[in-house]
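# Results of the structural survey
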Amino acid sequence: MRKLLAILFIAALVFGAWWIFFKDKSHNDGPKQQPLKVGKHSGEFNKSVGAVVTEYLSLKEAFVNADTAKIKAQEKKLIAAIDSIKIDELKKDTTGIFQSAQLLIGDIISNANAILKETDITEMRQDFRMVSENLFPLLKTIHYEGVKLYWQNCPMAFGEGKDASWLSNTEEIINPYLGKNHPEYKGTMLHCGEIKDTIQ
């Protein structure tokens, strides 16, 4: 009888030790580690596209402030960044992305160059609207892999029923069309707009 009790006691000890040291360690309630995200593009390509986004956001800020000198200086930087996109990397894609990107880049440069020739802030904003309208699908087409961007829209950017959109890296609406120094609204319409889409 003593022998049986001793065997049961040892078995209980072994089971208890296993439960404490192995079972609890193998059962982890924490979040599962996600697999690393594999990018579609090279680091060099993403860096060149990131430079375009950076210059565009600085241009947008110049429009918010209605600073025409800064707008023109920033426009030149944006054109240089667009020209420097490592677009040849897209040639390996067989779905026509390279050709689509080329067309959109051409339209962006055309509208950006138009801004350099304008003297009226409203005309500049019209061309900025077209830069934005081409940059947004470009980033979608090439499968942009940078920081999260928000596609924002103001339904009365150029008057009642005349909307315009722009890209932002924040959810906050800071309207580049009605800006801080708008001739009619001053700064009262700075936050007019809403988020319509995102790129991530």
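As a reminder, the structure under discussion sits directly above these lines.
Residues numbered from 1 in each chain as written. Predicted model: local features only at pLDDT ≥ 70, side-chain atom pairs only at ≥ 80, totals over all residues. Heavy atoms only, no water.

Our next topic: the sheet that holds strand β1 (residues 149-154). Across the sheet, which stays open at both edges, the three strands sit in the order β2-β1-β3 with antiparallel pairing between neighbours. Only two strands of the sheet have a single neighbouring strand rather than two, namely β2 (164-168) and β3 (194-199). Averaged over all pairs of adjacent strands, the angle between strand axes in this sheet comes to 25°, irrespective of strand direction. Where β1 lies against β3, five bridges are found, and the strand directions are antiparallel. Counted as the bridge partner of N153 is E194 from β3. (Pairing = 2+ DSSP bridges. Helix = DSSP H or I, 4+ residues; strand = E, 2+ residues; numbered from the N terminus. Axes fitted to C-alpha atoms, helices over the stretch in contact; angles between N-to-C directions.)

As a further point, take the pairing of β1. With six of six residues buried, β1 lies mostly within the body of the structure. Side chains L149, W151 and N153 of β1 all project onto a buried face; the interleaved residues Y150, Q152 and C154 project onto the opposite face, where all are buried too. Relative to β2, β1 runs antiparallel, the two sharing five bridges. Pairing of N153 across the sheet is with S165, part of β2. (Buried < 20%, exposed > 50% of the residue type's maximum accessible area, 1.4 Å probe, protein only.)

Moving on, we get to the state of the cysteines. Under the definition given, this model contains zero disulfides. There is no disulfide at C154, and the cysteine sulfur nearest it, in C192, is 3.4 Å away. Assessed through its relative accessible area of 0%, C154 is described here as buried. (Disulfide = S-S within 2.5 Å.)

With that settled, the discussion passes to unusual backbone geometry. Its identity as a non-glycine residue notwithstanding, A66 has a phi of 50°, on the positive side. Along the polypeptide, A66 turns up in the loop between α2 (43-64) and α3 (68-83). Positive phi values are uncommon outside glycine, yet K186 reaches one of about 55°. One can find K186 in the loop between β2 and β3.

On to the environment of G187, then. In this fold, G187 is placed in the loop between β2 and β3. With relative accessibility at 37%, the residue G187 sits in the partly exposed group. When the C-alpha atoms of G187 and V64 are compared, they prove to be 9.6 Å apart, with 123 residues separating the residues in sequence. Once you skip the residues sitting within four places of it in the chain, G187 turns out to touch G179 and K180. (Contact = heavy atoms within 4.5 Å.)

A few words on the packing of aromatic side chains. Throughout the structure, instances matching the rule amount to six aromatic pairs. Seen in terms of ring centroids, F136 and W151 are 4.2 Å apart; in terms of plane orientation they differ by 5°. Their pairing is stacked. Within this pair, whereas F136 is found in helix α5 (residues 121-141), its partner W151 is found in strand β1, the two being separated by 15 residues in sequence. Owing to a relative accessible area of 13%, F136 belongs among the buried residues under this scheme. (Phe/Tyr/Trp six-rings, centres within 6.5 Å; stacked < 30°, edge-to-face > 60°.)

Moving on: the packing of α3 against helix α4 (residues 97-117). Interaxial distance between α3 and α4 falls to 9 Å at its minimum, and their mutual angle equals 160°. If you check the angle between α3 and α4, you find them roughly antiparallel. Remark: the crossing between α3 and α4 carries left-handed chirality. For the pair formed by α3 and α4, the contact residues are I71, K72, E75, K76, I79, I82 and D83 on the first element and I105, I108, I109, A112, N113, I115, L116 and K117 on the second. (Parallel < 35°, antiparallel > 145°, perpendicular 65-115°, else oblique. Left-handed = near helix turned anticlockwise from the far one by under 90°.)

Let us look at the environment of Y185. Tracing the backbone through its elements, the reader meets Y185 in the loop between β2 and β3. Looking at Y185, the relative accessible area reads 22%, which means it is partly exposed. Once residues within four sequence positions are removed from consideration, Y185 is found in contact with M156 and L178.

So, about the environment of I97. On the secondary structure map, I97 appears in helix α4. The exposure class assigned to I97 is buried, which follows from its relative accessible area of 9%. Separated by 44 residues in sequence, I97 and T141 place their C-alpha atoms 6.5 Å apart. Residues contacting I97, with those up to four places away along its chain left out, are L90, T141, I142 and H143.

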